[in-house]
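Topology and contacts: notes
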Amino acid sequence: MNDVSKRIEKRRDSSMLGGGQKRVDAQHSKGKLTARERIDALLDEESFEEWDMFVEHNCRDFGMDSNRVPGDGVITGHGKINGRPVFVYSQDFTVFGGSLSSAHARKICKVMDQAMKVGAPVIGINDSGGARIQEGVASLAGYADVFQRNVLASGVIPQISMIMGPCAGGAVYSPAITDFIFMIRNSSYMFVTGPDVVKTVTHEEVSAEKLGGALTHTSTSGVADLAFENDIEALVQVRRFFDFIPLSNRERPPVQPTNDPVDRLESSLDTLVPHDPNRPYDMFELIYKTVDEHDFFEIQPDYAGNIIIGFGRLGGMPVGVVANQPMVLAGCLDIDSSRKAARFVRFCDCFGIPIITLVDVPGFLPGTSQEYGGIIKHGAKLLFAYAEATVPKLTVITRKAYGGAYDVMSSKHLRGDLNYSWPSAEIAVMGPKGAVEIIFREEIDDPDKIAQRTRDYREKFANPLVASQHGFIDDIIPPHSTRARLCRGLELLVNKKLDNPSKKHDNIPL
Ligand code: HXC
């Protein structure tokens, strides 16, 4: 081996070792994989091609000129997941705490730029102490360069953030812009200001986990989409998730052959909706019995449970499912569920994923906390998202579709392509009881009269016939045929073409 080759190998070895065995052991002792181990678990075997393993920082201050590690704390490159290309970066906490220098940022920007040209998703694995303190403002500039690219890539290529360690300060804003955030329980956290600053400013005492751990962000703030038990589980599940999404907005979603017959009938669904309109039932039953092979990838399962969102397939084609859940808050729309579903609908629309909407919604949640919290603006987000979406939109009303919420939930009026209802559907301005108490207020003290009026109202409006007579419902279908009808509908709509008016961009109520 000549001298140059030896030097190359030495640098390569040094890059492979990261911050050294002691720090690798420390990483393992926290139950965390190293940056390279994470890439190995994420990508298909031997598919990873690393870029920029020789890049070093150019900081001269604070003794940094003699303290360099090739690769500079982030491993970047591309590989495959189940045979499809993906760009990755994985921050190496063993090198300067995975902190972001300008060289580190340039490496991330390089893979993002190439991902945009190629049309492939970017998965970022975040495990970092934030801005490289020795570099100061140069590091802040590096963050902004990444943010700018995140924004330009939004809606062009899917961007997924995995938070697998610290992610604090302004560093949180790159994941925040990406499409999905996945976290690890008890070993990852995200916050704008940490517990010490919180204590100084607000005198609150709170642990890092409670302030910004996976549980907090998947159940309280809704910032993160999923929490996993450990690194391995997260990486395995992201591989599964990857199979539902297209590579870019230039590609169609990946069709996966299935042995599940598209005309499979599910007779058990005929008894899913209880006779008593106030009794809940589990909407998951409909979802699991409808999608291919009962395979449903739920997003944000622990946040705003009154609406369910996630990915499944129908006849092999990925679909986004949005469904009211009568088991939680009677399936009503509120601030959190509207925001949750709106962002999901927009993701599906950006990337050409058809949307299946399963409706059982008694309306918007009343109350001062909702009104003061801005339900008007937040509810409008979901309405806006459905109205602007041009992907195939298929809707099934299983039971209640009342008031404004009926309009919002992918109704015919918001350019729904196929709008079906079950015979049990009640499509009306409001529930019979509420309606009668308003129209016949003068009879309110006569329970017999009110009961009769309620029965009359129910008979007239609390069924799918009136809406069907108007053509707002394309067909009333037996529940057992739901999968078959949706699969057939999707096949019909696969080449749907619909464009919105030309504009710079819209102005969704934020
Ligand atoms: C340089 C850093 C670093 C940083 C950690 N290290 N953070 N080096 N810049 N930001 C180094 C440590 O010196 C240490 O080096 C190694 O990484 C591991 O750090 P430890 O503290 O030993 O690890 P741990 O106890 O697990 O604590 C992790 C930590 C802590 C909580 C992240 O390191 C920490 O508080 N770091 C500083 C966080 C911070 O204030 N960052 C700037 C935020 S402002 P050795 O050589 O000992 O292994 C920001 C703005 C972004 O990020 C703005 C964007 C717009």
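Rules and cut-offs
- Residues numbered from 1 in each chain as written.
- Predicted model: local features only at pLDDT ≥ 70, side-chain atom pairs only at ≥ 80, totals over all residues.
- Heavy atoms only, no water.
- Buried < 20%, exposed > 50% of the residue type's maximum accessible area, 1.4 Å probe, protein only.
- Helix = DSSP H or I, 4+ residues; strand = E, 2+ residues; numbered from the N terminus.
- Pairing = 2+ DSSP bridges.
- Disulfide = S-S within 2.5 Å.
- Phe/Tyr/Trp six-rings, centres within 6.5 Å; stacked < 30°, edge-to-face > 60°.
- Lys NZ or Arg CZ within 6 Å of the ring centre and 35° of its normal.
- Salt bridge = Lys/Arg side-chain N within 4 Å of Asp/Glu carboxyl O.
- Core = buried A, V, L, I, M, F, W, Y, C linked by side-chain atoms within 4.5 Å.
- Contact = heavy atoms within 4.5 Å.

Most of strand 11 (residues 307-314) is tucked away, with 8 of its 8 residues classed as buried. The alternating pattern of strand 11 places I307, I309, F311 and R313 and I308, G310, G312 and L314 on opposite faces, both of which are buried. Relative to strand 11, strand 10 (residues 297-299) runs antiparallel, the two being bridged by 3 bridges. Counted as the bridge partner of E298 is G310 from strand 11.

Here we take up unusual backbone geometry. Backbone geometry at D72 places phi at a positive 55 degrees, although glycine is not the residue there. Residue D72 is classed as buried on the basis of its relative accessible area of 0%. At L329, a residue that is not glycine, the phi angle is positive and equals roughly 50 degrees. By the secondary structure assignment, L329 is in the loop between strand 12 (317-324) and helix 12 (335-350). The exposure class of L329 is partly exposed, given its relative accessible area of 45%.

In this section: the state of the cysteines. Scanning the entire structure with this criterion turns up 0 disulfides. Note on C59: no disulfide assigned, nearest cysteine sulfur contributed by C109 at a separation of 18 Å. On the accessibility criterion, C59 (5% relative accessible area) is buried. For C167, which is in no disulfide, the shortest distance to another cysteine sulfur is to C109 and amounts to 16 Å.

What follows covers the packing of aromatic side chains. Within this structure, the stated rule accounts for 19 aromatic pairs. Arranged with centres 5.0 Å apart and planes meeting at 75 degrees, the rings of F180 and F241 form a pair that is edge-to-face. You can see F180 sitting in strand 7 (residues 180-184) and its partner F241 sitting in helix 10 (residues 231-242), a full 61 residues away along the chain. Neither F180 nor F241 differs from the other in exposure class; each is buried. Centroid distance F244 to F297: 6.2 Å. Interplanar angle 55 degrees. Geometry classified as tilted. Here the residue F244 occupies a position in the loop between helix 10 and helix 11 (283-290), and F297 occupies one in strand 10, the gap between them amounting to 53 residues. Exposure class is identical for F244 and F297. Each is buried. Put simply, the rings of F180, F182, F228, F241, F244, F297, F311, F344, F347 and F351 touch in pairs and so form one group of aromatic residues. Across the ring face of F93, the terminal group of K32 is positioned such that the distance to the ring centre comes to 4.9 Å. Looking at R485, its charged tip hangs above the ring of Y420, at a distance of 4.9 Å from the centre.

Under the counting rule described, the total for this entry stands at 29 salt bridges. E9 is the salt-bridge partner of R12, the closest N and O atoms lying 3.7 Å from each other. Within this pair, R12 and its partner E9 are both found in helix 1 (residues 3-17), separated by 3 residues, close to a single helical turn. A residue is classified by how much of its surface remains accessible, and R12, at 32% relative accessible area, is partly exposed. A salt bridge links R132 to D72, with the nearest nitrogen and oxygen atoms 3.2 Å apart. Of this pair, R132 sits in the loop between strand 4 (122-126) and helix 5 (137-153) while D72 is found in the loop between strand 1 (49-51) and strand 2 (74-81), placing the two residues 60 residues apart along the sequence. Summarising the burial analysis for this pair, R132 and D72 share the class buried. Salt bridges sharing common partners tie together D260, R264, E266, D292 and R483.

A few words on the nonpolar core. Judged by nonpolar contacts, the single largest core of 61 residues is most densely connected at I123, F311 and V322. Beyond its immediate stretch of four places on either side in the chain, V322 contacts I307, I308, I309, A341, F344, V345, I355, I356, T357, L358, Y386 and M409. Judged by nonpolar contacts, the second largest core, of 28 residues, contains V321, A323, L418 and Y420.

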